[in-house]
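The primary structure of each chain is shown beneath.
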Amino acid sequence: MMKRLCYIGIIATKCSLSSGFTTQTKTTHRLLFQTTRMMTATSNNNLVTIPDAITAHKQNSKHIKFIDGSWHMPVGDNPRNGRAEFTSGPRIPGAFYYDIDDIAPVMGSDDNPKKLPHMKPSSKMFASAMDQMGILPSDTLYVYATNDCAFYHRAYWTLRSCGHDPALVKLVQGSLDEWKECGGELEEGQLGEEDERLFRMSDLGWEEKTPTYQVMSDNEDVVVVDMDQVLDIVNQKDSDAADAVIVDARSAGRFVGTAPEPRPGLRGGHMPGALNVPFTDLLDADDKTKFRPMDEVRDIFIKAGISPDASNRKVVCSCGSGVTAAALAIGLEECGLRNKEDITIFDGSWIEWGSSDSTPIVTD
């Protein structure tokens, strides 16, 4: 471990020389501190630093692929758009964009009759997208995000949950600004509309084709739960003995119904018995593309009511529409509180629950 820490410290120092002694020292100490905490507290080591990701990128291996998983809430007068930012650049050379809104069941289709956004794709759709990106089951995938993006966890979670080997999917901790500061190569300029990296599933005719990519499993019910399953949990009378605990990633205000939902028409409040862990609490306050040290993440979950002694009790992660629930799922696994197979996401989340007149809601 000591050799690894010294190596990362050297890289951090080199990547900050142009910023002066103070910035250099702060960057080096920050990376060393975060790496030390990460390596001693995480259980799966799927979170990688910018220097490690740059090292992997420089290998120019055909079995190492970079994926931009950036996504942003489509609210406000001028919302950011992950696909548009990938198109205009900068981007990591050779990277593809994983569009969680496009690689998902079409709203209103038989697979998505409730018209819910960015639902988990079927195995066939996922495999077809992997084919389009030239990804093989043996490839190692590095998922990154543009600056100040707090929502790329869903792309990482989808890649690990739809059939790619979870051990081969890495979540890059840090922004493109840090990537550039540390000497990482960037591709600038606007991509043309015909660029293969800007594919749309609707243009591929994937439904009529047999994909060559082989997913690890065709079990569609392992990683997500639907509203009926969540209702069963909510309706269990003894919450302490329930099969699972529900954890909500929305803000405290939305959780208790005092803050409005960003999507119109949804009731405020939360599911009876649910716990609240705002996903932003798990992220670095200065850089949303990083988790806080995993011992701190673990403490946050425990203080919210996730008992470390109930290791066999499953956790259902929920949020507004299934995106930030992925941050909770990753945090629970990486901090060692739960195994991957004991964590699920309520894919419809609050947009499904809060829009129904028949679901129970509390505001205390």
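To be clear, the structure that these remarks concern was listed above.
Owing to the predicted nature of the structure, the values given are computational and were not obtained by experimental measurement. (Residues numbered from 1 in each chain as written. Predicted model: local features only at pLDDT ≥ 70, side-chain atom pairs only at ≥ 80, totals over all residues. Heavy atoms only, no water.)

Undergrad: Which residues make up helix α6 (residues 153-161), and what are the values?
TA: For α6, a buried count of nine out of nine residues is recorded, marking the element as mostly surrounded by other parts of the structure. Those residues of α6 lying buried are H153, R154, A155, Y156, W157, T158, L159, R160 and S161. Backbone geometry just downstream of α6 places G163 in the positive-phi region, at approximately 135°. (Buried < 20%, exposed > 50% of the residue type's maximum accessible area, 1.4 Å probe, protein only. Helix = DSSP H or I, 4+ residues; strand = E, 2+ residues; numbered from the N terminus.)

Undergrad: Explain the sheet that holds strand β1 (residues 47-49) residue by residue, including any values.
TA: Here we have five strands laid out as an open sheet, ordered β1-β5-β4-β2-β3, and parallel in their pairing. Edge positions in the sheet fall to β1 and β3 (96-97), since each of these pairs with one other strand and no more. Inspection of the sheet shows strand β2 (residues 64-68) paired to strand β4 (residues 140-144) by five bridges, in the parallel sense. From the neighbouring strand, D68 faces β4, where its bridge partner is Y144. Relative to the sheet, helix α3 (residues 50-58) contacts β1, β2, β4 and β5 (169-173), its axis offset from that of β1 by approximately 85°. Lying over the sheet, α6 contacts β2, β4 and β5, oriented at roughly 165° with respect to β5. (Pairing = 2+ DSSP bridges. Contact = heavy atoms within 4.5 Å. Axes fitted to C-alpha atoms, helices over the stretch in contact; angles between N-to-C directions.)

Undergrad: Explain the sheet that holds strand β8 (residues 275-276) residue by residue, including any values.
TA: Pairing is parallel across the open sheet formed by five strands, whose spatial order is β6-β12-β11-β7-β8. A single partner strand is all that each edge strand has here, and the edge strands are β6 (224-225) and β8.

Undergrad: Could you give an account of the nonpolar core, naming the residues involved and the relevant values?
TA: The tendency in soluble globular proteins is for nonpolar side chains to be buried side by side. If you look at the biggest cluster of nonpolar residues, it comprises 66 residues, and the most contacted ones within it are Y98, M130, V143, L159, F301, C317 and L328. When residues of this core are assigned to their parent elements, the largest contribution, seven residues, is made by helix α11 (residues 325-334). Residues within four places of L328 in sequence aside, it is in contact with V247, D248, A249, V277, F279, L282, F301, C317 and S318. In this structure, A53, L176, L186 and L191 belong to the second largest nonpolar core, which totals 20 residues. (Core = buried A, V, L, I, M, F, W, Y, C linked by side-chain atoms within 4.5 Å.)

Undergrad: Can you lay out the packing of aromatic side chains for me, pointing to particular residues and giving the numbers?
TA: Going through the model one piece at a time under the given rule, you end up with seven aromatic pairs. Ring plane angle 15° and centroid distance 5.0 Å describe the contact between F66 and Y142, whose orientation is recorded as stacked. With a gap of 76 residues between them, F66 in strand β2 and Y142 in strand β4 connect regions that are remote in the sequence. Accessibility expressed as a relative area gives 11% for Y142, which makes it buried. Through pairs of rings, three or more aromatic residues link up here, namely F66, Y142 and W179. The ring of F86 carries R91 above its face, with NZ or CZ at 5.6 Å from the centroid. (Phe/Tyr/Trp six-rings, centres within 6.5 Å; stacked < 30°, edge-to-face > 60°. Lys NZ or Arg CZ within 6 Å of the ring centre and 35° of its normal.)

Undergrad: So, the pattern of salt bridges: which residues are in play, and what are the values?
TA: Scanning the entire structure with this criterion turns up 17 salt bridges. One salt bridge connects K114 with E352, and the closest N-O pair in it is separated by 2.6 Å. Taken together, the residues span a long stretch of sequence, with K114 in the loop between β3 and α5 (123-132) and E352 in helix α12 (residues 349-353) at a distance of 238 residues. With a shortest N-O distance of 3.0 Å, R197 and E187 are connected by a salt bridge. Highlighted residues: R197 in the loop between α7 (176-181) and β6 and E187 in the loop between α7 and β6, separated in sequence by ten residues. A residue is classified by how much of its surface remains accessible, and R197, at 13% relative accessible area, is buried. Several salt bridges converge on common partners, so that one network encompasses R91, E187, D195 and R197. (Salt bridge = Lys/Arg side-chain N within 4 Å of Asp/Glu carboxyl O.)

Undergrad: Can you explain the pairing of strand β12 (residues 343-346)? Please cite residues and give values.
TA: Each regular strand shows side chains that alternate between the opposite faces of the sheet. Across the two faces of β12 the burial is the same, with I343 and I345 and T344 and F346 all buried. With three bridges joining them, strand β11 (residues 314-318) and β12 adopt parallel strand pairing. Its bridge partner being in β12, C317 is matched across the sheet by I345. Where the polypeptide runs from β11 across α11 and back to β12, its parallel neighbour, the crossover connection is right-handed. (Right-handed = clockwise from strand over helix to strand, strands pointing away.)

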